[in-house]
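Here are the chains, one letter per residue:
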Amino acid sequence: MSRTLSAPVTVAFDYTRSTGPVLGRFLTGLRDGVVVGGRTSDGQVVVPPPEYDPVTHQALEDFVEVSPVGTVTSWTWVPEPVKHQPFDRPFAFALVTFDGATKPFLHALDVSSPDEVSTGMRVRVRWAEERVGAITDIACFEPLPAGEEAVPAVAPSGAVDPVTGIVVPVSLDYTYAASPEESAFYRGLEQGRIVGQRCPTCDKVYIPPRAACPSDGTPTAEEVELSHTGTVTTFCIVNVPFLGQRITPPYVSAYILLDGADIAVLHLILDCPADEVRMGMRVKAVWKPEDEWGTTIENISHFAPTDEPDADFETYKQHL
Amino acid sequence: MRDVAVVGFAQRQMRDFDGSPTCVELLVPLFKECYEQTGWTRQDVGFWCSGSSDYLAGRSFSFVQAVDAIGVIPPVNESHVEMDLAWAMYEAWIKIQTGEVDTALVYAFGKSSAGVLRRTLSLQLEPYTMTPLWPDTVSLAGLQARAGMDAGLWDERAMAEVVNRSLTDAEKNEWAVRKGGSSVEELLARPMYADPLRKHDCAPVTDGAAAIVLAAGDRAREVCDRPAWITGLSTYVDEMTMSRDLTGSASARRCAEALDLGGVDTAELHAPFSHQELVLRREAGLADDVTINPSGGALASNPMFSAGGIRVGEAARRIWAGDSDKALAHATSGPALQQNFMCTLEVSTGSTTGGNR
Ligand SMILES: [Zn+2]
């Protein structure tokens, strides 16, 4: 058994970005099937156009349409493409200097083996079938067929407004590991136990256990089995519906200080009306049926009132 | 300028760290080593600064949990950069220059193996015209390697020589993930991977963490017989696009020009790809008799967010041991040597010889 528990995690979100006038002009060009570069004060023609002149630092305003045909100035083979690259089979990335430009531009090159690429080879843009005003409107470069000098004309996209923004989806896959101490906590839950650890320096009991005491930095080692009963230190009543919500509002999310612990855990308080939950209320863990247990805090379905008298404020005021 | 020295260094480098991405459990023993080297407790550390990345960890505020390894009662003076350890050290050096603190412990961590490293790093790129294509780190380095080969500045053999020397030197490095030199012929006979790069031209994916201790003036002399005095620091950045001249590194050249590199006998260069060492040597103008990467360098192991700072630590160790009187340490970040950092470490403070910035 490995020291730690791990699980796959995907972190995904869309970056929504405004383009500004320079990149907006470039991306509008791509949508319309033309490649736009910028002429800088030192006479270079750069694709994509830079927003500011690298020498004068003035906003760049001199735009030039360049040919969608160009020359490979460097290339590299991609034997094992990663997710979301232009191809999901081996291909080349290339730096291509468009005819009319003076500096190279990065994009994928559609060839099936490294033998089909060479520095100096002539290539042309292959436009995406649907163009929306993004760098991916260029599907890739492809070798320029012998005897041809241009790119077949493409139909206008139909859109007329300038591109002012883009949406870039980002999705990253991880194998996420718990720390060894957290792993002990989750393995305990699988056996119906709530496991914490005591700091040898300050005697505080942490749940879930952590690799080091956040107060004094001492590694925690001594395992402590904690009570399934505790005290509500603070709480909130959730009234707002949101995406992915599992319980119909209103319901209570609370910090519960288990007896014997020095830090509260966050969990649900159910089995009583939301407006009866209060600071100091005594609650106990309600476990799911044993055959549903895994290495997860969800083994504890929720916490429910014990109907004991409320805890004295003095007993938990240090933990608010 | 105050005289500031590197007086402590600890590291962990491994192929696969079986632990959480915040690496708290890795940092605890590193700090312990730093306390042993200096005789300090955490209360003697005036400033803490860390380097790490939430994209690498796959979770937000990963650096906050790492602070557990310090302990925060009484409260600590702490900061974070989403950059390599070398830049965290730069921030700490500036903090000491302000006179507010005399000592600092800087650390960095990263679990590169949690995701697909060469893909995750696409998030460092220009977000409009590069990231949507997900050009991976190895491909971007490959474009640079070929640009230099086509320009006649280096060839496969020169790259293999760098690899062979690195892997041979790495045999003496207990932390090296990849080690064991063979011969240039044997390396050249291995298959191409990301043409023009072979696998040994690319740094191995590495997990790890490292910590560096800085101290000013007498605080440094108290804890170290031969403090590695930081006599110059510089950092420059090139434009984000790949349309810059990839056969060199303008920012690395400017870093070197800002320092006095006369008398440098050792250089720890952060070159995650073999040809990048050749670029850096040229841009820094290093003579043939300078010892390059006696640790084996990043080709032996390259823990993200620590590997640049490890170059500083390895250089400092050479000074402490008397193997070097003046060393250059270099760190890089971004695609194809886009961002660079250099510092000189010397056995004497250098305050009368100039060269400080
Ligand atoms: Zn403690």
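Residues numbered from 1 in each chain as written. Chains lettered and ligands numbered in written order. Predicted model: local features only at pLDDT ≥ 70, side-chain atom pairs only at ≥ 80, totals over all residues. Heavy atoms only, no water.

Chain B goes by Acetyl-CoA acetyltransferase in an unreviewed UniProt entry, where it is assigned to Nocardioides marinus.

With an unreviewed UniProt entry as reference, chain A is termed DNA-binding protein, source organism Nocardioides marinus.

Points about the overall build of chain A
Rule in force here: Elements are defined by DSSP. Helices are runs of H or I of four residues or more, strands are runs of E of two residues or more, and each kind is numbered from the N terminus. Each radius of gyration is computed over the set of C-alpha atoms, and the globule rule expresses the reference value as 2.2 Å times the number of residues to the power 0.38. Exposure classes here rest on a 1.4 Å probe applied to the protein chains alone. A residue is buried below 20% of its type maximum, exposed above 50%, and partly exposed in between. We call two residues in contact whenever any of their non-hydrogen atoms come within 4.5 Å of each other. Lys and Arg are tallied as positive, Asp and Glu as negative. Neither His nor the chain termini are counted. Where a charge lies is defined by one atom per residue type: Lys uses NZ, Arg uses CZ, Asp uses CG and Glu uses CD.
The secondary structure content of chain A amounts to two helices and 18 strands. Its C-alpha radius of gyration of 30 Å places chain A more than 25% over the 20 Å reference for a compact globule of 320 residues. Its C-alpha atoms put chain A at 90 × 45 × 40 Å along the principal axes. Counting the 320 residues in chain A, one finds 46% classified as buried. Taking as baseline every contact in chain A between residues at least 6 positions apart, the subset at least 24 positions apart corresponds to 58%. Averaged over its 23 positive side-chain charges, chain A has a centre that lies 2 Å from the centre of its 44 negative ones.

Notes on the UniProt feature "domain: ChsH2 C-terminal OB-fold" (unreviewed entry) in chain A
Residue and element names in this part refer to chain A. We count it as follows: UniProt positions are given in the numbering used here, feature names are shortened, and annotations may be inferred rather than shown by experiment.
Look at the UniProt record and you will see "domain: ChsH2 C-terminal OB-fold" (unreviewed entry) annotated at residues 64–127 and 223–288. Helix makes up 0% of residues 64–127 and strand 50%, and the two end C-alpha atoms of the span are 19 Å apart. Taken as a whole, residues 223–288 contains 0% helix and 48% strand, while its terminal C-alpha atoms sit 24 Å from one another.

Details of the confidence of the model for chain B
Residues and elements named next belong to chain B. The following threshold applies: A residue's pLDDT is the confidence the predictor assigns to it, expressed on a 0 to 100 scale.
Per-chain confidence: chain B averages 96 in pLDDT, with 98% of residues scoring 70 or above. Across residues 352–357, confidence stays below pLDDT 50; counting only partners more than four residues off in sequence or on other chains, it has 13 contacts. Interface confidence for the predicted complex, given as ipTM, is 0.94, next to a pTM of 0.94.

A closer look at the interface of chain B and chain A
As a reminder of what qualifies: Joining two parts hides part of their accessible area as seen by a 1.4 Å probe, and the buried area is that hidden amount summed over both. Whenever a carboxyl oxygen of Asp or Glu lies within 4 Å of a side-chain nitrogen of Lys or Arg, that contact is scored as a salt bridge. Pairs of N or O atoms within 3.5 Å make up the polar contacts considered here, provided that, within protein, one atom can donate a hydrogen while the other can accept it, and that residues adjacent in sequence are counted only when both atoms are side-chain atoms.
Listed by partner, the interface residues are 55 residues for chain B and 61 residues for chain A. Between chain B and chain A lies a buried interface of about 4,700 Å² when both sides are counted; carbon and sulfur atoms form 59% of it. Looking only at chain B, the three residues that lose the most surface to chain A are Arg119(B), Tyr128(B) and Leu133(B), adding up to 16% of its buried area. In this structure, the connection of chain B to chain A is made through three salt bridges. Arg118(B) is paired through a salt bridge with Glu80(A); the nearest N and O atoms lie 3.8 Å apart. At the junction of chain B and chain A, the tally comes to 25 residue pairs in polar contact (both at pLDDT 80 or more). Within the residue set of the side of chain B that touches chain A, elements represented by two or more residues are helix H1 (24–38), helix H2 (54–57), helix H5 (117–120) and helix H6 (137–150) of chain B.

Some remarks on the domain arrangement of chain A
We count it as follows: The domain boundaries here were taken from an automatic or database domain assignment.
According to the domain assignment, chain A consists of domain 1 (17–170) and domain 2 (178–319). On a C-alpha basis, the centroid separation for the pair domain 1 of chain A and domain 2 of chain A is 54 Å.

Brief notes about the sheet that holds strand E11 (residues 195–198) of chain A
Hydrogen bonding along the main chain pairs the strands of a sheet, whether they run parallel or antiparallel. All names here are of chain A. Short version of the rule: Strands qualify as paired when DSSP identifies two bridges or more between them.
Strand order in the open sheet formed by three strands is E12-E11-E13, and the pairing between neighbours is antiparallel. Taken across any chain shown, the strands that pair with only one partner, and hence form the sheet edges, are strand E12 (205–206) and strand E13 (222–225). Of the pairings in the sheet, the one linking E11 to E12 comprises two bridges and is antiparallel in character. Note that in E12 the partner of Arg198 across the bridge is Val205.

Details of the coordination of the zinc ion
Ideal coordination angles are 109.5 degrees for a metal with four donors arranged tetrahedrally and 90 or 180 degrees for a metal with six donors arranged octahedrally. All names here are of chain A. Just so we agree on the cut-off: In this analysis a donor is any N, O or S atom within 2.8 Å of a metal ion (3.2 Å for sodium, potassium and calcium), and since water is not included, sites may seem incomplete.
In this structure, Cys199 (SG), Cys202 (SG), Cys213 (SG) and Asp216 (OD) serve as the protein donors to the zinc ion, at separations of 2.1 to 2.3 Å. Mapped onto the polypeptide sequence, the residues donating to the zinc ion form the spacing pattern C-x2-C-x10-C-x2-D. Residue Cys213 is classed as buried on the basis of its relative accessible area of 0%. Judged by its relative accessible area of 13%, Asp216 falls in the buried class.

Observations regarding the domain arrangement of chain B
Many descriptions give the size of an interface as the accessible area lost when the pieces come together. Residues and elements named next belong to chain B. Split into domains, chain B comes out as domain 1 (4–115 + 205–223) and domain 2 (117–202 + 228–349). Relative placement of domain 1 and domain 2: their C-alpha centres are 22 Å apart. Counting residues at the interface gives 42 residues for domain 1 and 36 residues for domain 2. Of the roughly 3,200 Å² buried between domain 1 and domain 2, counting both surfaces, carbon and sulfur atoms make up 70%. Summed over the shared surface of domain 1 and domain 2, the number is zero salt bridges. Our count for the domain 1 to domain 2 interface comes out at twelve residue pairs in polar contact (both at pLDDT 80 or more). For the side of domain 1 that touches domain 2, the secondary structure elements donating two or more residues are strand E1 (4–14), H2, helix H4 (85–97), strand E4 (103–111), strand E5 (205–216) and helix H9 (217–223). When residues of the side of domain 1 that touches domain 2 are assigned to their parent elements, the largest contribution, ten residues, is made by E1.

A word on helix H1 (residues 20–31) of chain A
Residues and elements named next belong to chain A. Note the cut-off: A helix is expected to span 1.5 Å for every residue after the first.
With twelve residues, H1 extends 16 Å from end C-alpha to end C-alpha; this agrees with the ideal 16 Å at 1.5 Å per step. In terms of burial, H1 is a largely internal element, nine of the twelve residues being buried. Those residues of H1 lying buried are Val22, Leu23, Gly24, Phe26, Leu27, Thr28, Gly29, Leu30 and Arg31. Among the structural elements, strand E2 (35–39), strand E4 (63–66), strand E7 (105–109), strand E8 (122–127), strand E9 (138–143) and strand E10 (165–177) are those in contact with the buried residues of H1. Positive backbone phi, approximately 85°, marks Gly33, located one or two places after H1.

Examining the state of the cysteines
Residues and elements named next belong to chain A. The following threshold applies: Here, two cysteine sulfur atoms that lie within 2.5 Å of each other are counted as a disulfide.
Using the criterion set out here, one finds zero disulfides over all chains in the structure. With no disulfide of its own, Cys236 lies closest to Cys272 among cysteine sulfurs, the gap being 14 Å. Overall, Cys236 belongs to the partly exposed group, its relative accessible area being 39%.

Description of the pairing of strand E6 (residues 228–237) of chain B
All names here are of chain B. With seven of ten residues buried, E6 lies mostly within the body of the structure. Two strands pair when backbone bridges link them, and E1 and E6 are joined in this way by two bridges, in the antiparallel orientation. Bridging across to E6, Ala5 finds its partner in Trp229. As paired elements, E6 and strand E11 (residues 339–346) share eight bridges and run antiparallel to each other. Paired with Ser234 across the bridge in E11 is Met342.

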